[in-house]
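Each chain is listed here by its residues.
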Amino acid sequence: MTEAFLGPLHLGEPTADASFLSVLQRRGVDPRWDTADASGIAVPEATTVLALTWADGVVIAGDRRATAGNLIAHTRVRKVYEADRHSAVAISGTAGMAVELIKLFRTELEHYEKIEGASLSLEGKANFLARMIRGNLSLAFQGLIVIPLFCGYDTKEATGRLFSYDVIGGRYDELDYATTGSGGAEARAFLKGVWRRDLSRDEALAASIEALISAAEEDSATGGPDLKRGIYPNVLVVTADGVEEIDDETLAAMTAPIVADRP
Amino acid sequence: MSMPFYVPPEQMVKDRADFARKGISRGRPIVVVQLDDGILLIGENRSPSLRKIGEVYDRIAFAGVGRFNEFETLRVAGIRYADLKGFSYSREDVTGKGLANAYSQTLGQVFSHEIKPYEVDIIVAELGETRADDSIFRIQFDGTLRDAEGFAVLGAYVDEISAALEGALGEGTTLEQAIALSCAAIEEAGGEPIEAHDWEIALLDRTAGRRTFRRLTTDEITSARS
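Engineer: Break down the interface of chain A and chain B for me, with residues and values.
Structural biologist: The interface is formed by 15 residues belonging to chain A together with 20 residues belonging to chain B. Those elements that provide at least two residues to the side of chain A that touches chain B are α1 (20–26) and α2 (95–116) of chain A. Here the side of chain A that touches chain B takes 5 residues from α2 of chain A, the largest share from any one element. Among the residues forming the side of chain A that touches chain B, the class breakdown is 7 nonpolar, 6 polar and 2 charged.

Engineer: Explain the environment of Thr107 of chain A to me, using residue names and the numbers behind them.
Structural biologist: By the secondary structure assignment, Thr107 of chain A is in helix α2. Residues Thr107 of chain A and Ala178 of chain A, 71 residues apart in the sequence, show an inter-C-alpha distance of 25 Å.

Engineer: Could you give an account of the packing of helix α6 (residues 201–218) of chain A against helix α7 (residues 248–261) of chain A, with specific residues and numbers?
Structural biologist: All names here are of chain A. Here α6 crosses α7 at 55°, and the two axes come no closer than 10 Å. Between α6 and α7, the angle falls in the class oblique. You can see that α6 and α7 cross each other, and the crossing is right-handed. On α7, the residues that touch Leu205, Ala206, Ile209, Glu210 and Ile213 of α6 are Met254, Thr255, Ile258 and Val259. Residues belonging to the contact of α6 with α7 are distributed by class as follows: 7 nonpolar, 1 polar and 1 charged.

Engineer: Lay out unusual backbone geometry with the relevant residues and their values.
Structural biologist: All names here are of chain A. Its identity as a non-glycine residue notwithstanding, His10 has a phi of 50°, on the positive side. With respect to the element layout, His10 can be found in the segment before α1. The backbone phi angle of Ala158 is positive, close to 55°, even though this residue is not glycine.

Engineer: Kindly report on the confidence of the model for chain B, identifying the contributing residues and their values.
Structural biologist: All names here are of chain B. With 100% of its residues at a pLDDT of at least 70, chain B reaches an overall mean of 94. When mean pLDDT is compared element by element in chain B, strand β3 (residues 53–57) scores highest at 98, while helix α1 (residues 9–24) scores lowest at 92. Scoring the predicted complex yields pTM 0.93 and, for the interface, ipTM 0.92.

Engineer: So what about the sheet that holds strand β11 (residues 177–180) of chain A? Which residues, and what values?
Structural biologist: Consider a sheet: its strands pair through backbone hydrogen bonds, and that pairing is either parallel or antiparallel. Residues and elements named next belong to chain A. With antiparallel pairing, 5 strands are arranged side by side in an open sheet as β11-β2-β3-β12-β13. Strands at the two margins of the open sheet, each flanked by one partner only, are β11 and β13 (242–245). If you compare each strand with its neighbour and ignore which way they point, the axes differ by 15° on average. In terms of strand pairing, strand β3 (residues 57–62) meets strand β12 (residues 234–239) through 5 bridges, oriented antiparallel. Bridge assignment links Ile60 to a residue of β12, and that residue is Leu236.

Engineer: So, the sheet that holds strand β1 (residues 30–35) of chain B: which residues are in play, and what are the values?
Structural biologist: Residue and element names in this part refer to chain B. With antiparallel pairing, the 5 strands of this open sheet are ordered in space as β8-β1-β2-β9-β10. Looking at strand neighbours, the two that pair on one side only are β8 (151–154) and β10 (213–215), the edges of this open sheet. Averaged over all pairs of adjacent strands, the angle between strand axes in this sheet comes to 15°, irrespective of strand direction. Note: strand β9 (residues 199–205) against β10, 3 bridges, orientation antiparallel.

Engineer: Would you mind going over the pairing of strand β5 (residues 71–74) of chain A in detail, with residue names and values included?
Structural biologist: Within a regular strand, side chains alternate between the sheet's two faces. Of the strand pairs in this sheet, strand β4 (residues 66–68) of chain A and β5 of chain A are connected by 3 bridges, and their pairing is antiparallel. In the sheet register, Ala66 of chain A faces β5 of chain A, and the bridge partner there is His74 of chain A.

Engineer: How would you summarise the packing of helix α5 (residues 175–190) of chain B against helix α6 (residues 218–225) of chain B if you had to cite specific residues and measurements?
Structural biologist: Axes are the key here: two packed helices are described by the angle between their axes and the distance separating the axes. All names here are of chain B. At a minimum axis separation of 8 Å, α5 and α6 run at an interaxial angle of 85°. It follows that α5 is roughly perpendicular to α6 by the angle criterion. Counting all contacts with α5, which are made through Leu175, Glu176, Ile179, Ala180 and Cys183, the residues of α6 involved are Ile221, Ala224 and Arg225. When the residues that make up the contact of α5 with α6 are grouped by side-chain class, the tally is 6 nonpolar, no polar and 2 charged.

Engineer: Tell me about the environment of Pro257 of chain A, and please be specific about residues and values.
Structural biologist: Residues and elements named next belong to chain A. Positionally, Pro257 belongs in helix α7. The class of Pro257 is exposed, set by 10 C-beta atoms lying within 10 Å. C-alpha separation for the pair Pro257 and Asp166, spaced 91 residues apart in sequence, amounts to 35 Å.

Conventions adopted
Residues numbered from 1 in each chain as written. Chains lettered and ligands numbered in written order. Predicted model: local features only at pLDDT ≥ 70, side-chain atom pairs only at ≥ 80, totals over all residues. Contact = placed C-beta atoms within 7 Å. Helix = DSSP H or I, 4+ residues; strand = E, 2+ residues; numbered from the N terminus. Nonpolar A, V, L, I, M, F, W, Y, C, P; charged D, E, K, R; others polar. Axes fitted to C-alpha atoms, helices over the stretch in contact; angles between N-to-C directions. Parallel < 35°, antiparallel > 145°, perpendicular 65-115°, else oblique. Left-handed = near helix turned anticlockwise from the far one by under 90°. pLDDT = per-residue confidence, 0-100. Pairing = 2+ DSSP bridges. Buried ≥ 20, exposed ≤ 12 C-beta atoms within 10 Å, placed from the backbone.

Next up, the structure:
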């Protein structure tokens, strides 16, 4: 830091910049992971997450398991988060980095909104997330990969929208559904069979739960619902009214018949 | 090397304070009121885009009078301070007291080190779990930090407005009553009526979730006053 800042509030900084990430970068405290090669260490990996559009919005869900190599590292990991009032984000990949990235993303959205007095557009949020993934590119080459799904309600277009990403920060608009993580292919195959544009809210919730069960049946890194211990997936619904998290009681009531009817 | 003229510190401080006070006393007033259900922030503001009242953090609001660009700089710096602290530690570690102290230190340094002092007075309001846990901090242009109890007034006509509100507000005062009383006191002091859309009113809402700050719409203001 060469600039002279006045007082504990750093008054010398440019006022017109609404980005929280820039504040961290200017002060040299942005999250960094400096590593030459991460292939030798077994860090926890967050696995399957998915999102699908339905008649009035989007459902986004994720299983609760994190693995490290062949071990189950955690059984109650949260991979799906409310990003702000009208959007939600889910992550797969290196869990520790992903959680930090989500925290930074959520802070960025709120920071921007407070400074500018208006929320970023949904498009703007999706693009910023892409930029954050791209910033991790060198780590991705070393095996520390984070891939998110992002969805939200576009208040301008009055529709739910869904974005998927690739490992280098490529951003893709999805009209129907998207999955990522180790059980993503299986979840995707399931959703392909049941998805319709006019799914009701309950149908979309049931589809997301069963897709994760389907993934857990084929992929050892994906955790299915554990009715005995009360472990259910995290499921969020995004509509014009905002983001709503489905509570465990509701999930329990929806999951039991699905599990019973599975072939 | 030329010697600078000697100015006694008493003189310097007095000159600077007089200068700052002159600017601030022309600023349109802001009233902050503690309620059972939250903290109300009211100001007259004819500009729909330039804000005098703003959200800083989950339970903290900011209000400023004086030069817009100066309190805007302070508002943005406060949001950065709060978000950085919450990001580095935890959301609950961001407190109104910490922020008020940072403002006080910063304004104090600007007052004595910069070419001219900031012509602003600001308020940091923090919503507690209950009314008794609320804090309202007034920070002056020179860094002087004071606690306010019940309500606080900034800008022009401080004495007149304070006199009108003293005793009129208290426990049990509703949001509508507080709006009606404060707006009437500001209009009375200024000597002219103010249109509903020229008010900027926000609330730290004790009944809300994580983010408690919300702006009142013109319709809400009109109905509160009718």
